[in-house]
Amino acid sequence: TYLALLGGPEKISFMVQEFKLDEDGDGDISPEEMAAHQDDCDRLVSQALDFLINSGVVGALLLSVLFPQVFIPLIPSDDSLQFFGDTTVMTFYYFYVTNMYLSLFCSLWITYMTLHYYLHITIWMPTTELKMWYVTDLNVMPGVVFVTHVCVISSALALPFGMCVGISSEAAVISGIW
């Protein structure tokens, strides 16, 4: 839990690297320290950009999978209606739709925001000092990781309920166990 409170492994990685750059230990990276460790600063910024690119690709892939599924109508099967009844099947259906739309929203958010953050660092931050400030002090990586996890978990939760409604009760049990 302490790892999550600190911002996750991504934030801790940046904190450790920032600590290595701060030779006098005052909590700020001075211009002299930045000049002495220019390669390390550039590597830290490059790692942040690589993380954003990878997260953007994950968001776009999830979006390409989820977008068509959200707009395909899910018709309850006769087997599910007979086994569970109308009320239960509709409850499963609403749970499925809620999780699918949440996943779709999160994948859109991941794709848009990683592109937005990438543009902030590469275009709107002209100096290495500003890029380091953005990467270390204004760290957005834990938020991107959290939303990615929400997207994957909510789509995984939607799967057994969607199978239960659309295919059969046996398929839902198998997907839930899997």
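Conventions we followed
Residues numbered from 1 in each chain as written. Predicted model: local features only at pLDDT ≥ 70, side-chain atom pairs only at ≥ 80, totals over all residues. Heavy atoms only, no water. Helix = DSSP H or I, 4+ residues; strand = E, 2+ residues; numbered from the N terminus. Buried < 20%, exposed > 50% of the residue type's maximum accessible area, 1.4 Å probe, protein only. Contact = heavy atoms within 4.5 Å. Core = buried A, V, L, I, M, F, W, Y, C linked by side-chain atoms within 4.5 Å. Phe/Tyr/Trp six-rings, centres within 6.5 Å; stacked < 30°, edge-to-face > 60°. Axes fitted to C-alpha atoms, helices over the stretch in contact; angles between N-to-C directions. Parallel < 35°, antiparallel > 145°, perpendicular 65-115°, else oblique. Left-handed = near helix turned anticlockwise from the far one by under 90°. Expected span 1.5 Å × (residues − 1). Bend = angle between axes of the 7 residues up to and from the residue. 1 Å grid on protein atoms, 1.4 Å probe; cavity = no way out; pocket = protein on both sides within 12 Å on 5 of 7 lines; lining within 4 Å. Points joined across faces, edges and corners; volume = space filled by probe spheres on them. Nonpolar A, V, L, I, M, F, W, Y, C, P; charged D, E, K, R; others polar.

Engineer: So what exactly am I meant to see when it comes to the overall build of the protein here?
Structural biologist: What the protein contains, in helices and strands, is nine helices and zero strands. N-terminal to C-terminal, the α/β element order of the protein is α-α-α-α-α-α-α-α-α. The proportion of buried residues among the 178 residues of the protein is 39%. Within the protein, counting contacts between residues at least 6 apart in sequence, those at least 24 apart form 76% of the total.

Engineer: Help me understand the nonpolar core in this model?
Structural biologist: For soluble globular proteins, the rule of thumb is that nonpolar side chains tend to be buried together. Ranked by size, the top nonpolar core spans 18 residues in total, and within it Val 45, Tyr 117, Ile 121, Met 132 and Val 135 carry the most contacts. Elements that contribute at least two residues to this core include exactly α4 (38-71), α6 (86-124), α7 (128-136) and α8 (141-166). Ranked by size, the runner-up nonpolar core spans 12 residues in total, among them Val 70, Leu 104, Cys 106 and Cys 151.

Engineer: Honestly, the packing of aromatic side chains in this entry has me stumped. Any pointers?
Structural biologist: Geometry of an aromatic ring pair is reported as the spacing of the ring centres plus the angle between the planes. Counted under the stated rule, the structure contains seven aromatic pairs. When the ring of Phe 67 is compared with that of Phe 71, the centres are 5.0 Å apart and the planes differ by 65°; the resulting orientation is edge-to-face. Here the residue Phe 67 and the residue Phe 71 both occupy positions in helix α4, the gap between them amounting to four residues, near one helical turn. Ring geometry for Phe 84 versus Phe 92: centroids 5.2 Å apart, planes at 80°, classification edge-to-face. Under the relative-accessibility criterion, Phe 84 is labelled partly exposed at 27%. Members of the aromatic cluster, joined through ring pairs, are Phe 83, Phe 84, Phe 92, Phe 95 and Phe 161.

Engineer: It is not clear to me how the packing of α4 against α8 should be interpreted in this structure. Could you clarify?
Structural biologist: The packing of two helices is summarised by the inter-axis angle and the distance between the axes. One way to put it is that α4 packs onto α8 with a least axis distance of 11 Å and a crossing angle of 25°. For the element pair α4 / α8, the angle class is roughly parallel. For the crossing formed where α4 meets α8, the hand is left-handed. Packed against α4, whose contacting residues are Ala 48, Phe 51, Leu 52, Ser 55, Val 58, Leu 62 and Leu 66, the element α8 presents Met 141, Val 144, Val 145, Thr 148, Cys 151, Val 152 and Ser 155 at the interface.

Engineer: For this particular structure, what's the right way to read α8?
Structural biologist: For α8, built from 26 residues, the straight-helix expectation of 38 Å at 1.5 Å per residue is met to within 8% by its first-to-last C-alpha distance of 37 Å. Approximately 25° is the largest bend angle found in α8, and it occurs at Leu 159, with the proline Pro 160 only one to four residues beyond.

Engineer: Any chance you could explain the layout of surface pockets here in plain terms?
Structural biologist: Over the atoms rolls a probe the size of a water molecule, and in doing so it shows where empty space is left. Each pocket or cavity is described by its volume, and for the largest pocket that value is around 190 Å³. Along the walls of the largest pocket sit 11 residues, with Ile 29, Glu 129, Trp 133, Thr 136 and Asp 137 positioned nearest its centre. At five residues, the largest contribution of residues to the lining of the largest pocket is made by α7. Grouping the constituent residues of the lining of the largest pocket by class yields five nonpolar, two polar and four charged.

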